[in-house]
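Secondary and tertiary structure notes
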Amino acid sequence: MTSPTDTRRTVVRLLWPGRRSAAALALAILITTVLPLLAPQLTRRFVDDAIAGESAGRLTVLAVGYLGLAVSGQIARMLAAWLASRLAWDGTNRLRESLAAHALGLDMGYHGKRTPGEMIERVDGDVVALADFVVAFLLDVVASLLLLVGVLIVVLAVDVRIGGALLAYCVLIGLFMVRAQRLAVPAATRVRERFAALFGNLEERLAGAEDIRANGAGPHVVRRFHQSSAEVYRADRHAERLGGGLFAGTTVAFAAGTALVLGLAAWTQQSGALSVGTAVLLFQYTQMVRTPFERIIDQIQQYQKALAAVTRIGGLFAERRTMPEPENPRPLPETGPLSLELAGVGFAYADDDERVLADVNLALAPSETLGLVGRTGSGKTTIARMVLRLYDPTEGVVRLGGVDTRDIDLAVLHRRVCVVTQDVQLFAASVRDNLTLFRPGLADDDRLRAVLTEVGLGGWLETLTDGLDTVLGAQGGGVSAGEGQLLAFARAFLTDPGLVVLDEASSRLDPATEQHIETAIGRLLTNRTAVLIAHRLSSLARVDQIAVIDDGRVVEYGPRETLAADPDSRFSRLLVAAGVRRESQVIP
Ligand SMILES: Nc1ncnc2c1ncn2[C@@H]1O[C@H](COP(=O)(O)OP(=O)(O)OP(=O)(O)O)[C@@H](O)[C@H]1O
Ligand SMILES: [Mg+2]
């Protein structure tokens, strides 16, 4: 179990930009703070010199100096902002990558319980919240604190009494603003909650629009919508009033502070201890106090959000695989077909869920092929998942090449076993990346072309303007269902697996494409062990054995020829029912 400090350390380690970048950023922030602090010094000179009747030339130099200071202050601030956001994004990208890698490695069971939206929010949303905070923290909190301290020091140096008054005033106003924040935050939270309820309501009603209309529930739904909107309005009005009041209060407080300092300055000036220029200087410094205060207070709320994000990120990092990697993995033959055995396999997707597989016993010698048939939901895909070790069986053993899958290194397993699933996943990427699944070293272009030709996509490749570099649309747009299937076969050829699992698509393909696919399957199965999950019984003509699955159990199992020859077997009856064969016909 990882402790909170461990995860915080992990997060900090990933965010840390390196010593040189950190030093550059610190310097930029320091310059950003020091330059504005110098400006009032110039104004004081200007005022005092003007009163003393100095030459216009000297005054111009001072004015130009002031301008230069203002411009370089802005440039420094821009640089610091650029540097801070670059470093924060670099760091958070590292964090995001390692989170994504971690999440991808988690059990399928973990992912089964979460929607893609939730995972995106956890991997990306929290990291963005953190990145935003890191940038704001460096620019607003650190820079503002430095500025505030700088102002206090300078004012104290100019006049201890006024400095002391300013310090006391800052403490008071700080306390006031923290209190104000405490009042405002719950109101803002309430508004967000009301909005979430309203949208949730709306989404649900829109999704159920057909039922609502059919049942004449429209007026009721509209009344509920009206109520939700009214609650949003009330919450928002409350928050606005509060916010407005607090803003006015803060403005008055700052004005009072300025008046106080000005009054003190005027009094000291009259007693001769202070020049007019210094009074202007003090005025400018007190004006500089407000913005840093506001920025810091704003960030208190962000800080809480970021803290929550770090906790959730830590939670994700703390998730462990329940399917451990073997400590002493046992080797599989590097090449050639693999045997497969399922011995007494039972499985349920979650502890409290119904059993999906019970006492499944199947055995395939190397190069043998097995056809799995059964009604939808009978457990065929689940058996395929056991073979790929996407889940571990709750009972029994799955052996590949005589080795328990739990003792096989996962990378080796995924190299030696390959699956073509019911819904082929294509990516919005080049044909090359879609074939190699983004592994550049997997195969050179000649091999990719050869494989595409082998599965019957040679002609298709020639029609593509950019060849292997052609980017397929998102969700495989521009690729037909049949071409998608063939691309998936090509993927399988590339890794040269010892065992293939084909979870056949149930979608209907045109006869020509079907013929291509049949040919491709024929080639793919040559000298390989295979499990074919077939919806079209016609594609089972090539398999050696048949297992009929019903409700997670093997209800019939044997050589295909024997089962097909026995008119009373379930398989024969299925063939007849599917119209593959007439009642009396005997399969060769
Ligand atoms: N990820 C999952 N989490 C929980 N239950 C699941 C999951 N996947 C499948 N099931 C359930 O397990 C049972 C078997 O499903 P499976 O997908 O193995 O059936 P199948 O034989 O492949 O069906 P089809 O012919 O429709 O592809 C079904 O009752 C299904 O609802
Ligand atoms: Mg299935």
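Residues numbered from 1 in each chain as written. Chains lettered and ligands numbered in written order. Predicted model: local features only at pLDDT ≥ 70, side-chain atom pairs only at ≥ 80, totals over all residues. Heavy atoms only, no water.

Time to look at the overall build of the protein chain. In terms of helices and strands, the protein chain carries 19 helices and ten strands. What you see for the protein chain is a C-alpha radius of gyration of 36 Å, clearly larger than the 25 Å of a compact globule of 588 residues, by over 25%. By residue count, 41% of the 588 residues in the protein chain fall in the buried class. Sequence separation of at least 24 residues holds for 74% of the intrachain contacts in the protein chain that already meet a minimum separation of 6. Surface summary for the protein chain: the accessible area is close to 31100 Å², and the carbon and sulfur share equals 59%. (Helix = DSSP H or I, 4+ residues; strand = E, 2+ residues; numbered from the N terminus. Rg over C-alpha atoms; globule rule 2.2 N^0.38 Å. Buried < 20%, exposed > 50% of the residue type's maximum accessible area, 1.4 Å probe, protein only. Contact = heavy atoms within 4.5 Å. Areas by Shrake-Rupley, 256 points an atom, 1.4 Å probe, with all protein chains shown as cover.)

Another point: the pattern of salt bridges. Applying the stated criterion across every chain, the model contains 20 salt bridges. A salt bridge links Arg58 to Asp49, with the nearest nitrogen and oxygen atoms 2.7 Å apart. The exposure class assigned to Asp49 is buried, which follows from its relative accessible area of 10%. (Salt bridge = Lys/Arg side-chain N within 4 Å of Asp/Glu carboxyl O.)

Quick look at a positive patch on the surface now. Together, Arg190, Arg234, Arg237 and Arg241 make up a positively charged patch on the protein surface. If you tally residues by element for the positive patch, the top one is helix 8 (residues 218-270), at three residues. With respect to the element layout, Arg241 can be found in helix 8. (Patch = residues over 30% accessible without salt bridge, like charges linked within 9 Å, V, L, I, M, F, W, Y side chains within 5 Å. Lys, Arg positive; Asp, Glu negative; His and termini not counted. Charge placed at Lys NZ, Arg CZ, Asp CG, Glu CD.)

Near ligand 1 you find 14 residues, and of these Thr376, Gly377, Lys380, Thr381 and Thr382 are the closest. Separating an oxygen atom of ligand 1 from a side-chain N or O atom of Thr376 is a distance of 2.4 Å. Residue Thr382 places a side-chain N or O atom 2.4 Å away from an oxygen atom belonging to ligand 1. When the free accessible area of ligand 1 is taken as 630 Å², the share hidden by the protein chains comes to 64%. With four residues, the top contributor of residues to the shell around ligand 1 is helix 11 (residues 380-387). The residue makeup of the shell around ligand 1, split by class, is three nonpolar, eight polar and three charged. (Near = heavy atom within 4 Å. Polar contact = N/O pair within 3.5 Å; in protein donor to acceptor, adjacent residues only side chain to side chain. Nonpolar A, V, L, I, M, F, W, Y, C, P; charged D, E, K, R; others polar.)

Right, let's talk about the nonpolar core for a bit. Membership of the largest hydrophobic core comes to 45 residues, with the highest contact counts inside it found for Leu452, Leu487, Phe489 and Leu540. Considering every element that reaches this core, the biggest residue donor is helix 16 (residues 481-495), with eight residues. Leaving out residues up to four positions away in the same chain, Leu540 has contacts with Gly371, Val373, Leu532, Ala534, Ile546, Arg560 and Phe571. Listed in part, the 32 residues of the second largest apolar core include Leu338, Leu364, Val417 and Val531. (Core = buried A, V, L, I, M, F, W, Y, C linked by side-chain atoms within 4.5 Å.)

Let us now look at the pairing of strand 3 (residues 369-374). The buried count for strand 3 comes to five of six residues, which makes it a mostly enclosed element. Pairing between strand 3 and strand 8 (residues 529-533): four bridges, direction parallel. Within strand 8, the residue paired with Leu370 across the bridge is Val531. With five bridges connecting them, strand 3 and strand 9 (residues 545-550) associate as parallel partners. If you follow Leu370 over to strand 9, its bridge partner there is Gln545. (Pairing = 2+ DSSP bridges.)

It is the contact of helix 6 (residues 160-207) with helix 8, at a shortest axis distance of 9 Å, that shows an interaxial angle of 170 degrees. The angle between helix 6 and helix 8 falls in the class roughly antiparallel. (Axes fitted to C-alpha atoms, helices over the stretch in contact; angles between N-to-C directions. Parallel < 35°, antiparallel > 145°, perpendicular 65-115°, else oblique.)

On the basis of which strands lie adjacent, the open sheet formed by four strands has the order 2-1-4-5 and antiparallel pairing. Among the strands making up the open sheet, the edge pair consists of strand 2 (355-364) and strand 5 (403-404). Packing against the sheet, helix 11 makes contact with strand 1 (340-348), strand 2 and strand 4 (395-400), and its axis sits at approximately 115 degrees to strand 1.

Before going further, it helps to examine unusual backbone geometry. We note that Leu437 has phi near 50 degrees; this positive angle belongs to a residue other than glycine. Mapped onto the secondary structure, Leu437 falls in the loop between helix 13 (431-436) and helix 14 (445-454). A positive phi angle is found at Asp551, which is not glycine, with a value near 50 degrees.

Within the structure shown, the criterion is met by eight aromatic pairs. Relative to Tyr391, the ring of Tyr349 lies with its centre 5.1 Å away and its plane at 90 degrees, an arrangement referred to as edge-to-face. Of this pair, Tyr349 sits in the loop between strand 1 and strand 2 while Tyr391 sits in the loop between helix 11 and strand 4, and the two are 42 residues apart along the sequence. A centroid spacing of 5.6 Å and a plane angle of 70 degrees characterise the contact between Phe427 and Phe438, whose relative ring orientation is edge-to-face. (Phe/Tyr/Trp six-rings, centres within 6.5 Å; stacked < 30°, edge-to-face > 60°.)

The next thing to look at is the environment of Leu166. Inspection of the secondary structure puts Leu166 in helix 6. By relative accessible area, Leu166 is classed as buried at 2%. Sequence-wise, Leu166 and Leu15 are 151 residues apart; in three dimensions their C-alpha atoms are separated by 37 Å. Excluding anything up to four places from it in sequence, Leu166 contacts Val151, Leu152, Val155, Val261 and Thr286.

Along the chain, Asp568 falls in the loop between helix 18 (560-565) and helix 19 (570-577). Sequence spacing of Asp568 and Ala81 is 487 residues, and the spatial spacing of their C-alpha atoms is 79 Å.

A separate point is helix 19. Among the residues of helix 19, those classed as buried are Phe571, Ser572 and Leu575. The buried residues of helix 19 all sit within an arc of 100 degrees when viewed along its axis, so they share a single face. Residues of helix 19 that are buried in the fold lie against strand 9, strand 10 (553-559) and helix 18. Two residues or fewer after helix 19 comes Gly579, characterised by a positive phi angle close to 75 degrees. (Arc of directions from axis to C-beta.)

Spatial ordering of the open sheet is given by 6-7-8-3-9-10, a layout of six strands whose pairing is mixed. Unpaired on one side and paired on the other, strand 6 (417-420) and strand 10 mark the two borders of the sheet. Each strand axis lies, on average, 15 degrees off the axis of its neighbour in the sheet, ignoring direction. Two strands pair when backbone bridges link them, and strand 7 (residues 499-503) and strand 8 are joined in this way by five bridges, in the parallel orientation. Of the residues in strand 8, the one forming a bridge with Leu499 is Thr529. Contacts from helix 16 reach strand 6 and strand 7, with the element oriented near 175 degrees to strand 6.

For the rest of this paragraph, the subject is the domain arrangement of the protein chain. The domains assigned to the protein chain are domain 1 (8-318) and domain 2 (340-585). Relative to domain 2, the C-alpha centre of domain 1 lies at a distance of 56 Å. (Domains from an automatic or database assignment.)

Here we come to helix 16. Residues spaced three or four apart along an α-helix face the same direction, because each turn holds 3.6 residues. Taking 1.5 Å per residue as the helical rise, helix 16 with its 15 residues ought to reach 21 Å, and the 22 Å between its terminal C-alpha atoms agrees with that figure. Counting buried positions along helix 16 yields twelve of 15 residues, so the element is predominantly enclosed. Along helix 16, the residues that are buried comprise Gly482, Gly484, Gln485, Leu486, Leu487, Ala488, Phe489, Ala490, Arg491, Ala492, Phe493 and Leu494. Those residues of helix 16 that are buried lie in contact with strand 6, helix 13, helix 14, helix 15 (458-463), strand 7 and helix 17 (511-525). Asp496 sits one or two positions beyond helix 16 and adopts a positive phi of about 50 degrees. (Expected span 1.5 Å × (residues − 1).)

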